[in-house]
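Okay, here's what each chain looks like letter by letter:
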Amino acid sequence: MGTVIFSDVHADADALGLVAAYIRDPSFPERFGPIDTLVNLGDLLHRGNCPGTTLEIVHDLAGEFRLVSVIGNHDHAFLNGVPVSGSDETSTFRHEQLRGSPLLDIFSGMPMEWVDRGMLFVHGGPLDLGTQTLRLKCWQRLSHTAGDSFTGYHYTAPMAFDALEKRGLSYMVCGHQHTHICCRKTMDGIKEQMIRFVREKNTVFPEGEIEVARIPLDMPTLFRLGGCHGEMPEFAYADETSFTYIRVAGRTRCMSTL
């Protein structure tokens, strides 16, 4: 069985709706494998203009699949009144309209991380650094240098691998920074592996595009996903043997005022 993972939707209901349509189509399990779990890596909220529709789509997916969610820094900021940049007036207004909505119940008790089959799922990073906001796991950022920052604590790949090893884990999947990356712990040290996307036929939306990049699960690896928003939202599929980055195109239109 396999897991579909997405991150950083940022109230882009069109993008999430596109991914939802794609994984619901019978051709998806035929091409990639069966789905037993969906994992939302956080940041459903902020920046985009359709937060209500986005949460409705997530609610619908939770009724069709086993859905696991971890909280993102923008979700955490919205729920706790922490000011963050990136949302225009329309986005801010529509998010404020959600205050008190039952759609926000999805965030009740939402954890910082989830572990399954040797794989850590987290929005930002794996380090236990206390309760200060910018040091929480949902605010941490993978970087080349370590240290505190106004954007969240920066950690390095060696630090992440050490944290995983102490917990007996081999893989980490995160989002947060909207760009994909793959760091592998080889016999010769930690290497960043080039992610080479291959364009394939899109059987769900023939007028659209699909690009995939498969990485074998044969050594400890850090997988960072690009954002599930914009013109070509990114998500992933993982099973016992490989991790596949997937990008799709074929836009719909958000009709909600929320």
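Right, let's walk through the structure included here. (Residues numbered from 1 in each chain as written. Predicted model: local features only at pLDDT ≥ 70, side-chain atom pairs only at ≥ 80, totals over all residues. Heavy atoms only, no water.)

Moving on to the packing of helix 1 (residues 13-24) against helix 3 (residues 51-64). Contact geometry for helix 1 and helix 3: axes closest at 9 Å, N-to-C directions at 20°. One element, helix 1, and the other, helix 3, form an angle in the roughly parallel class. Crossing of helix 1 over helix 3 shows left-handed handedness. Of helix 3, the residues touching helix 1 (which contributes Ala13, Leu16, Gly17, Ala20, Ile23 and Arg24) are Thr53, Thr54, Ile57, Val58, Asp60, Leu61 and Glu64. The class makeup of the residues in the contact of helix 1 with helix 3 is seven nonpolar, three polar and three charged. (Axes fitted to C-alpha atoms, helices over the stretch in contact; angles between N-to-C directions. Helix = DSSP H or I, 4+ residues; strand = E, 2+ residues; numbered from the N terminus. Parallel < 35°, antiparallel > 145°, perpendicular 65-115°, else oblique. Left-handed = near helix turned anticlockwise from the far one by under 90°. Contact = heavy atoms within 4.5 Å. Nonpolar A, V, L, I, M, F, W, Y, C, P; charged D, E, K, R; others polar.)

This paragraph deals with the pattern of salt bridges. Taken as a whole, this structure holds 16 salt bridges when the rule is applied. Glutamate 211 is the partner of arginine 247 in a salt bridge, and the nearest nitrogen-oxygen pair spans 2.5 Å. Of this pair, arginine 247 sits in strand 15 (residues 242-249) while glutamate 211 sits in strand 12 (residues 209-216), placing them 36 residues apart in sequence. A single salt-bridge network, built from bridges that share partners, covers Asp36, Asp116, Arg117 and Glu240. (Salt bridge = Lys/Arg side-chain N within 4 Å of Asp/Glu carboxyl O.)

This part covers the sheet that holds strand 14 (residues 234-238). Sheet architecture is open: seven strands sit in the order 3-2-1-14-15-12-11, paired in mixed fashion. At either margin of the open sheet sits one strand with a lone partner, and together these are strand 3 (67-69) and strand 11 (198-200). Taking each pair of neighbouring strands and ignoring which way they run, the sheet shows an average axis angle of 25°. Note: strand 1 (residues 2-6) against strand 2 (residues 35-40), five bridges, orientation parallel. Looking across to strand 2, one finds that valine 4 is bridged to leucine 38. Sheet strands touched by helix 1: strand 1, strand 2, strand 12, strand 14 and strand 15. Its angle to strand 15, the strand with the most contacts, is close to 120°. (Pairing = 2+ DSSP bridges.)

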